[in-house]
Amino acid sequence: MNKDYEVTIGLEIHAELDTQSKVFCSCKNSFGAEPNTNCCPVCTGMPGALPVLNKRAVELTIMAGLACDCEISNYAVFERKNYFYPDLSKAYQISQLEKPICVGGGIRLSSGKFVRLNRIHLGEDAGKLIHEFDQTHIDYNRGGVPLIETVTEPDLSSAEEAVEFVNKLRDNFIFAGVAKCRMQEGGMRCDVNLSVRKKGSPLLGTRTEMKNLNSFKAIQRAIEYEAKRQIEALERGEKIVQETRKWDDEKGVSLSMRSKEDSNDYRYFPDPDLLTVKIPELTVQELKKKLPLSPEKRRELYIESYGLPQYDANLLTSSKEISDFFDACVALLKEPKEFSNWIMTEIMKLYTEEVGILISAQNLAKIAELILTKKITRQNGKQLFYEIWNEGGDALELAEKYGMLSSITESELEGIVKKLIAENAKALEDYKSAPDKVIKFFIGGVMKETKGKADAQLARELILRELER
Ligand code: ADP
Ligand code: ZN
């Protein structure tokens, strides 16, 4: 990259809200249904059909704003953004322009840089065009799905920063429970506005916009390509035209699509079918109380209150499902490090987002308790874990069924150890020269006496104590 230039990036990130129904009608909001089965006169824009605002969608937008430290407006207005495209049968999209639900706020990057948000507003998604050979099909199921749009100020200056920002915003939304942000399903998409300027220039350069990037890799590559393209054009003495460009992920190039429209072109006006939404301060306060902890706050809690290493805290907060599971386990049994170990070793080996966690917090807490109270050995505990993950069942019942529960108390075990040592004076003589062999010999003896029910670790400790006397 040419060192004489700096890059300026502003993002517009769309995320579908995790509601049961659409934003202005009662059609289902669900991904992957048979095409055109979740549609009605309202979301397809039939004449005379009237929209009714989904309260939950407004609440989730407020929570998204709270998760990013936005200010929540005390009233909000829905406006029509008019344009024609086949995936938008109404020929207008209900959105917000002058009075969005959330304003300001921002996210801090790991470098310490604070990226300001301009706003988060609520609107509706459009349908989807499916291109097949020489035909195009339209699926209107997605039309009317609640969509929040997060607009940043032009504060980002590299592909790495943009990717980190989108990652953090996505985590914020997922942990706040407002959106699933499944990029591979189009549940989160990103428009990149980018300009370059000579270092030290007081004015921002002319920007281009690349729409609908739906993976971190695509965001990264599109930014790198477009920055280079603009710098090279300027170096050749050309002017950058303000335009919308299409990123072609397969070819790895961006191509001019159309000259950029500005908001005037959309003839925005307040939707006469929808009332101004009042947002009482009390509602905001109540939602604030319900807001789940952010990933950042959870990491802090894990490190400062539970004494976990940074490494554990990062891993445990790598997904909301894992973090929720960990919290549920610790709520049942206050042994954070024990559960952190289970998650980092056994669970992470088997866990996938699609399949989820196939053991309940109750069962894992039971297994951990049985191990920590020395009722079963750790090895048997692991066996129980795998059995339950694969086949289901109850930890305690299974431990009983397999005769894993040790009925041997520590003092009984101590008695057995003392007896064995007293009976084997010969082995004792070899202790100085071959300690490991002798310890093994006595552990074997304990296991034989107890039919394998003794805790090997505890037996070893007791044997060592006797031998070292
Ligand atoms: P419009 O409403 O015309 O789309 P906005 O001013 O709302 O324009 O900005 C849209 C996005 O473009 C924002 O994320 C903003 O940060 C970004 N942006 C604005 N100007 C520039 C620029 N010169 N270079 C890069 N990004 C920009
Ligand atoms: Zn509908």
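Refer to the structure printed above.
Computed from a predicted model, the values in this text were never measured in an experiment.

**Q** What is the right way to read the pairing of strand 10 (residues 135–139) from this model?
**A** Along a regular strand, successive side chains alternate from one face of the sheet to the other. As judged from the 5 bridges shared by strand 9 (residues 128–132) and strand 10, these two strands associate in the antiparallel manner. The partner of Lys-128 across the bridge, within strand 10, is Asp-139.

**Q** What is the right way to read helix 12 (residues 410–423) from this model?
**A** At 3.6 residues per turn, the α-helix brings residues three or four places apart onto the same side. Here helix 12 is 14 residues long and its end C-alpha atoms lie 20 Å apart, about the 20 Å a rise of 1.5 Å per residue gives. What helix 12 keeps buried is the set Leu-413, Ile-416, Val-417, Leu-420 and Ile-421. Projection of helix 12 onto a plane perpendicular to its axis shows the buried side chains occupying an angular sector of 130°, all on one side. For helix 12, the exposed residues set more than 90 degrees away from the buried face come down to Ser-411, Ala-422 and Glu-423.

**Q** Is there a simple way to explain the coordination of the zinc ion (ligand 2) in this structure?
**A** Around a metal, the perfect tetrahedron of four donors has angles of 109.5 degrees, and the perfect octahedron of six donors has angles of 90 or 180 degrees. Within the first shell, the zinc ion (ligand 2) binds the protein through Cys-25 (SG), Cys-27 (SG), Cys-40 (SG) and Cys-43 (SG), at distances of 2.3 Å. Given 4 donor atoms and angles of 101 to 114° at the metal, the environment of the zinc ion (ligand 2) is assigned as tetrahedral. The sequence motif formed by the donor residues of the zinc ion (ligand 2) is C-x1-C-x12-C-x2-C. With Cys-27 in the loop between strand 1 (5–16) and helix 1 (55–67) and Cys-40 in the loop between strand 1 and helix 1, this residue pair connects regions lying 13 residues apart in the sequence.

**Q** Help me understand the sheet that holds strand 16 (residues 269–270) in this model?
**A** Strand pairing in a sheet takes place through backbone hydrogen bonds and is either antiparallel or parallel in direction. The antiparallel open sheet is built from 3 strands, whose spatial order is 5-4-16. Each having just a single partner strand, strand 5 (92–95) and strand 16 make up the two edges of the open sheet. In this structure, strand 4 (residues 79–82) lies alongside strand 16, joined through 2 bridges in antiparallel fashion. Counterpart to Arg-80 in the pairing with strand 16 is Phe-269.

**Q** Any chance you could explain the pattern of salt bridges here in plain terms?
**A** Pairs can form between side chains of opposite charge whenever their charged atoms are close. If you walk through the whole model with that rule in mind, you get 34 salt bridges. Residue Asp-248 is joined to Lys-251 by a salt bridge in which the shortest nitrogen-to-oxygen separation is 3.5 Å. Taking the relative accessible area as the measure of exposure, Asp-248 reaches 18% and is therefore buried. Bridged by salt links that share partners, the residues Glu-16, Asp-125, Arg-142 and Arg-189 form one connected network.

**Q** Can you help me understand the site of ligand 1 in this one?
**A** Around ligand 1 sit 14 residues in total, of which Thr-152, Pro-154, Asn-193, Ser-195 and Arg-207 are the nearest. Within the contact set of ligand 1, an oxygen atom lies 3.0 Å away from a backbone nitrogen or oxygen of Pro-154. One of the side-chain N or O atoms of Ser-195 is found 2.7 Å from a nitrogen atom in ligand 1. Burial of ligand 1 by the protein chains amounts to 73% of its free accessible area of 560 Å². Secondary structure elements with two or more residues in the shell around ligand 1: strand 1, strand 11 (146–152) and strand 12 (188–198). Considering each element in turn, the shell around ligand 1 owes the most residues, 4 residues, to strand 1.

**Q** What am I meant to see in the nonpolar core here?
**A** Soluble globular proteins tend to bury their nonpolar side chains together. Judged by nonpolar contacts, the single largest core of 70 residues is most densely connected at Leu-11, Phe-165 and Phe-173. It is helix 2 (residues 159–176) that provides the largest number of residues to this core, a total of 9 residues. Formed by 33 residues, the second largest nonpolar core is a distinct cluster that contains Ala-313, Phe-326, Trp-342 and Phe-385.

**Q** Help me understand helix 14 (residues 435–450), please; the structure alone is not making it clear to me.
**A** For helix 14, which comprises 16 residues, the first-to-last C-alpha distance of 23 Å matches the rise-based estimate of 22 Å (1.5 Å per residue) to within 8%. Buried residues of helix 14: Val-438, Ile-439, Phe-442, Ile-443, Val-446 and Thr-450, and no others. Each buried residue of helix 14 sits inside an arc of 135° when the element is viewed along its axis, so together they form one side. Residues of helix 14 that are exposed and point over 90 degrees away from its buried face: Lys-437, Lys-440 and Lys-448. Tucked inside the fold, the buried residues of helix 14 contact helix 12, helix 13 (425–429) and helix 15 (456–467).

About the thresholds
Residues numbered from 1 in each chain as written. Chains lettered and ligands numbered in written order. Predicted model: local features only at pLDDT ≥ 70, side-chain atom pairs only at ≥ 80, totals over all residues. Heavy atoms only, no water. Pairing = 2+ DSSP bridges. Helix = DSSP H or I, 4+ residues; strand = E, 2+ residues; numbered from the N terminus. Expected span 1.5 Å × (residues − 1). Buried < 20%, exposed > 50% of the residue type's maximum accessible area, 1.4 Å probe, protein only. Arc of directions from axis to C-beta. Donors = N, O, S within 2.8 Å, 3.2 Å for Na, K, Ca; no water. Tetrahedral: all angles 85-135°; square planar, octahedral: opposite > 155°, others 65-115°. Salt bridge = Lys/Arg side-chain N within 4 Å of Asp/Glu carboxyl O. Near = heavy atom within 4 Å. Polar contact = N/O pair within 3.5 Å; in protein donor to acceptor, adjacent residues only side chain to side chain. Areas by Shrake-Rupley, 256 points an atom, 1.4 Å probe, with all protein chains shown as cover. Core = buried A, V, L, I, M, F, W, Y, C linked by side-chain atoms within 4.5 Å. Contact = heavy atoms within 4.5 Å.

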